[in-house]
Amino acid sequence: MATVRRNGWRPRSTLYMNAVSYESTRVEMKPTDSNINLSNMRITKTFCVDETSTTPTNATYGLDYMDAVSLDQVMLQHHADIQHVHAMKIDVETFEIQVMNGSLYFLCNRRVDLIVMEILFLKSQYYKGPCQFDKMQDRLERMGFDILDITLTVNFTGIPLDNFTSNDVVFVQRFKDKPPGVRLRGSPNNPCEGFELRSNDERNLAGVW
């Protein structure tokens, strides 16, 4: 909140004190190093990382527990009027794929120009979880996103993750006129199949906080 205040973002910012995941759940978190603060904690237990977490009666020292929501829930329940997002930034300590899994309805039905993502710890030398970056990469590329390094000069589209020479990447949408779900409707191998826009039930799709 101090960062928001110092940069003058308060009038156009909404803060949600939740972890971000692929669904509503409760997650277990622990620090990534000895400098313990919330900003360098990572989710260690939930689907696609370990077994589903349950909060014990007596909390464990060094661990924290937080309710998680999806970006689909946040955007569809609280910002349904937003049709165009200029930039998304995701840096969640190896949980990036789960966050993207929880934003597919939003990404298919809204215009999103840029997605900035840290990918260093998703490379095979660090990441041991079962969620697969290449599946996410393939879906985003079929939506029309190119993958560039953070300087926007090196194109990684179609290249395996371990060959990326950047620790952060930018997914850049080539088609700015229509959301992918509209532009690709009826096409073969549609990456938005199952996430098409529905007239009156967006809030039901988003689930419950």
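Scroll up to find the structure.
The text that follows walks through the structure, step by step, so that each part is easy to find. Note that the coordinates shown come from a computational prediction; the quantities given were computed from them, not determined experimentally.

Turning to the overall build of the protein, a few remarks are in order. For the protein, the helix and strand inventory stands at seven helices and eight strands. Residues counted as buried form 43% of the 209 residues belonging to the protein. Taking all contacts inside the protein whose residues are at least 6 apart in sequence as the whole, residues at least 24 apart take part in 71%. As displayed, the protein offers around 11,800 Å² of accessible surface, 51% of which is attributable to carbon and sulfur atoms.

What follows covers the side chain of Q73. In this structure, Q73 sits in helix α2 (residues 71-78). Within the structure, Q73 has its side chain in polar contact with the side chain of S24 (distance 2.7 Å).

On to the state of the cysteines. Enumeration over the complete set of coordinates arrives at one disulfide. Linked covalently through their sulfurs, C108 and C192 form a disulfide whose S-S length is 2.2 Å. Torsion about the S-S bond of the C108 and C192 cystine: about -90 degrees, corresponding to left-handed handedness. Taken together, the residues span a long stretch of sequence, with C108 in helix α4 (residues 104-109) and C192 in the loop between α6 (180-183) and α7 (202-205) at a distance of 84 residues. Judged on exposure class, the residue C108 and its partner C192 are both buried.

Time to look at the pattern of salt bridges. Within this structure, the stated rule accounts for three salt bridges. Between K89 and D91 there is a salt bridge, with its nearest N and O atoms 3.9 Å apart. Overall, K89 belongs to the exposed group, its relative accessible area being 54%. D91 gets classed as partly exposed once you look at its relative accessible area, which sits at 39%. In this structure, the salt-bridge partner of R142 is D138, at a minimum N-O distance of 2.9 Å. Of this pair, R142 and D138 both sit in helix α5 (residues 133-143), four residues apart, which is roughly one turn of that helix.

Structurally, I119 is set in the loop between β6 (111-118) and α5. On the basis of relative accessible area, I119 is assigned to the buried category, the value being 0%. As a C-alpha pair, I119 and V92 span 27 residues in sequence and 9.9 Å in three-dimensional space.

Parameters and conventions
- Residues numbered from 1 in each chain as written.
- Predicted model: local features only at pLDDT ≥ 70, side-chain atom pairs only at ≥ 80, totals over all residues.
- Heavy atoms only, no water.
- Helix = DSSP H or I, 4+ residues; strand = E, 2+ residues; numbered from the N terminus.
- Buried < 20%, exposed > 50% of the residue type's maximum accessible area, 1.4 Å probe, protein only.
- Contact = heavy atoms within 4.5 Å.
- Areas by Shrake-Rupley, 256 points an atom, 1.4 Å probe, with all protein chains shown as cover.
- Polar contact = N/O pair within 3.5 Å; in protein donor to acceptor, adjacent residues only side chain to side chain.
- Disulfide = S-S within 2.5 Å.
- Salt bridge = Lys/Arg side-chain N within 4 Å of Asp/Glu carboxyl O.

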